[in-house]
Amino acid sequence: MSDTAQFEHFYATTFRRVVGHVYLITGDTHAAEDCTQEAFSRAVVRWDRIRAYDAPYAWVRRVAHNLACTRMRQARRARAAMARLGPPASQPPADEHTVLVVQGIRALPVKYRQVLVTHHLLDLPVRDIAERLGVPEATVKTRLARGRRRLADVSSRTACREAK
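Residues numbered from 1 in each chain as written. Predicted model: local features only at pLDDT ≥ 70, side-chain atom pairs only at ≥ 80, totals over all residues. Heavy atoms only, no water.

**Some points on the side chain of Thr-118**
Here Thr-118 lies in helix α6 (residues 110-121). Polar contacts involving the side chain of Thr-118 include one to the main-chain carbonyl oxygen of Gln-114, which spans 2.5 Å. The contact partners of Thr-118, leaving out residues within four places of it in the chain, are Asp-123, Leu-124 and Ile-129. (Helix = DSSP H or I, 4+ residues; strand = E, 2+ residues; numbered from the N terminus. Polar contact = N/O pair within 3.5 Å; in protein donor to acceptor, adjacent residues only side chain to side chain. Contact = heavy atoms within 4.5 Å.)

As structure tokens, then:
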């Protein structure tokens, strides 16, 4: 049996058992499945070594158990911080203009959205954006211009619909 087939068989025959063990720790099926999946993800990259163990199942179960314990500690710390700091300050609801801008940006293709948000909200210069995206500066400038034009078109269409 190939390494891949061997791991797939191991996964298929032990996944539910590991989830069951971790569920007993967490009391949450979703968290148990997440921790178990992460444990198997770690096992697959080490499968050459783990398959030689007397009980590879015990290794995966231990990793999933440790992940679950870590998750519970983090949740406990977060609850303690919330109790200490109190709930976050309430934010006023977004005004109509903000909602329209967000809707307009979401309607844009990703390539325009990337440059508009990075340039206008993060205040990055064109040169830095070009480096991050791995494109020429002229491409960034073109996308900014086209993105602004499309955003204006989307905004005016939305405003016209709202006015009717």
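**Points about a positive patch on the surface**
Taken together, the side chains of Arg-73, Arg-76, Arg-77 and Arg-79 define a basic patch exposed on the protein surface. By secondary structure assignment, the location of Arg-73 is in helix α4 (residues 56-85). Accessibility expressed as a relative area gives 36% for Arg-73, which makes it partly exposed. (Patch = residues over 30% accessible without salt bridge, like charges linked within 9 Å, V, L, I, M, F, W, Y side chains within 5 Å. Areas by Shrake-Rupley, 256 points an atom, 1.4 Å probe, with all protein chains shown as cover. Salt bridge = Lys/Arg side-chain N within 4 Å of Asp/Glu carboxyl O. Lys, Arg positive; Asp, Glu negative; His and termini not counted. Charge placed at Lys NZ, Arg CZ, Asp CG, Glu CD. Buried < 20%, exposed > 50% of the residue type's maximum accessible area, 1.4 Å probe, protein only.)

**So, the pattern of salt bridges**
Applying the stated criterion across every chain, the model contains six salt bridges. The residue Arg-42 makes a salt bridge to Glu-38 at a minimum N-O spacing of 2.9 Å. In this pair, Arg-42 and Glu-38 both sit in helix α2 (residues 29-45), four residues apart, roughly one turn of the helix. Owing to a relative accessible area of 33%, Glu-38 belongs among the partly exposed residues under this scheme. One salt bridge in this structure joins Arg-127 and Asp-128, with 3.4 Å as the shortest N-O distance. For Asp-128, a relative accessible area of 24% corresponds to the partly exposed category. It is possible to trace a salt-bridge network through shared partners that takes in Asp-3, Asp-48 and Arg-51.

**Describing the confidence of the model for the protein**
The share of residues in the protein with pLDDT of 70 or more is 95%, and the mean pLDDT across the chain is 89. Averaged over each element, pLDDT in the protein is lowest for helix α8 (residues 137-163) (81) and highest for α2 (96). (pLDDT = per-residue confidence, 0-100.)

**Observations concerning α4**
Over its 30 residues, α4 extends 43 Å from the first C-alpha to the last, a length consistent with the 44 Å expected when each residue adds 1.5 Å. Within α4 the residues assigned to the buried category are Pro-56, Tyr-57, Trp-59, Val-60, Val-63, Ala-64, Leu-67 and Ala-68. Its buried side turned inward, α4 meets α1 (3-26), α2 and α3 (47-50). Looking at the residues trailing α4, positive phi occurs at Gly-86, about 85°. (Expected span 1.5 Å × (residues − 1).)

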